[in-house]
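The primary structure of each chain is shown beneath.
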Amino acid sequence: MNLDAVRTFVAAVDAGQFQDAAAALSITQQAVSKRIAALEKDLGVRLFTRTARGTHLTVDGQTFLPHARELLRAEARADASVRPGRRALRVDVHSRRIAPAVLLQDFHRAYPRIELDVVTLDADVHAAMAAVEAGTVDATFHAVTVAARRLPAAIRTTRVIDEHHELLVGPRHALANARTVTPAQLADHRIWMPGMAPGTEWADYYDELAAAFGLTIDLVGPVFGNEALLAEIADSAELATLAGERTRYLWPDSYDLRRVPVRDPAPIYPMSLIWRDDNPHPALRALCDYLASRRAQAPDIEVWLPPWGE
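Residues numbered from 1 in each chain as written. Predicted model: local features only at pLDDT ≥ 70, side-chain atom pairs only at ≥ 80, totals over all residues. Heavy atoms only, no water.

Q: Tell me what's going on with the packing of aromatic side chains, and back it up with residues and numbers.
A: The full count for this structure, using the stated rule, is 11 aromatic pairs. With centroids separated by 5.3 Å and ring planes inclined at 50°, the aromatic side chains of F9 and F64 adopt a geometry described as tilted. A residue pair is termed long-range when its members are at least 10 positions apart, and F9 in helix α1 (residues 3–15) and F64 in helix α4 (residues 59–82) qualify at 55 residues. The pair formed by F9 and F64 is uniform in burial state, with each residue classed as buried. Look at Y205 and W308: their rings are 6.5 Å apart centre to centre, the planes differ by 70°, and that puts the pair in the edge-to-face class. Taken together, the positions of Y205 in helix α8 (residues 201–213) and W308 in the segment after β12 (303–304) put the pair 103 residues apart, joining distant regions of the chain. (Phe/Tyr/Trp six-rings, centres within 6.5 Å; stacked < 30°, edge-to-face > 60°. Helix = DSSP H or I, 4+ residues; strand = E, 2+ residues; numbered from the N terminus. Buried < 20%, exposed > 50% of the residue type's maximum accessible area, 1.4 Å probe, protein only.)

Q: Kindly report on the pairing of strand β6 (residues 155–169), identifying the contributing residues and their values.
A: Most of β6 sits inside the fold, with 11 of its 15 residues counted as buried. As paired elements, β6 and strand β11 (residues 266–276) share 9 bridges and run antiparallel to each other. Residue R159 lies in a different strand from β11, and its bridge partner there is S272. Where β6 lies against strand β10 (residues 258–261), 4 bridges are found, and the strand directions are antiparallel. Looking at the pairing, V169 lines up with R258 of β10. (Pairing = 2+ DSSP bridges.)

Q: Residue-level account of the packing of helix α2 (residues 18–25) against helix α3 (residues 29–43), with values.
A: The contact between α2 and α3 brings their axes to 8 Å, and the two run at 105°. As judged from the angle between their axes, α2 and α3 are roughly perpendicular. Contacts from F18, Q19, A21 and A22 of α2 reach α3 at Q29, V32, S33 and I36. For the contact of α2 with α3, a count of residues per class yields 5 nonpolar, 3 polar and no charged. (Axes fitted to C-alpha atoms, helices over the stretch in contact; angles between N-to-C directions. Parallel < 35°, antiparallel > 145°, perpendicular 65-115°, else oblique. Contact = heavy atoms within 4.5 Å. Nonpolar A, V, L, I, M, F, W, Y, C, P; charged D, E, K, R; others polar.)

Given below as structure tokens:
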């Protein structure tokens, strides 16, 4: 069914005369008549009776009218669902606990009129980048461990998050009461991070961190979830783990867990926003500008970065 013909039919009904419908649609009266005739032929019924005093709907025309209006509403909804600036900006944050999700929520507070569709793809940087390239999401946050020249031609990245670390320990741990700890101090302690998948960008990062400061990062053990990990650390005098400064964890008060900033130097986990260069969604620029301004406000302290993050 030709939607232009349907649109012309509705315009003729609303205007009352083909001449007025033609003016409203910026076409000729002859074009209106041809479109209505084609629609009637397609449907196999007469939609209008024509008299000297104008046009009137037939019974079939009256029956068809509400469906015609719904067809035009569906067309408008379909158009708005994909037209840049009208649909929500779809952004992958990987996990709703970590820095990208926190910053995206801050962005939403600053720009509440921009619609966001926040998703959590269970994917490393390569799979997430493929989702961006395919148009499944508009943007994603990940550490980019490869040179820009090796990225797909359409992909663009910009570093937007420098995430500091905190040591997460229970109340009986030797570093529980420290105001800050250095990476060198951590060399004497077991950092427990079970379940880290080899070959991911975060595994590459922690390999570099461990090599730079002589850390022991223990990946051994089954993964029972964050709640179980926190319970184990709270009950141990030896176990500790590393968490992003903006990572959101919740635990019972009885755990008395401590978050101790790592400084001198402060290891940085660098994360980039990844998007397609040809994505016209106007909210992408607003998001990039906001994230750049937040990164510019970071404190000027001595930091450590992996070689691929510099």
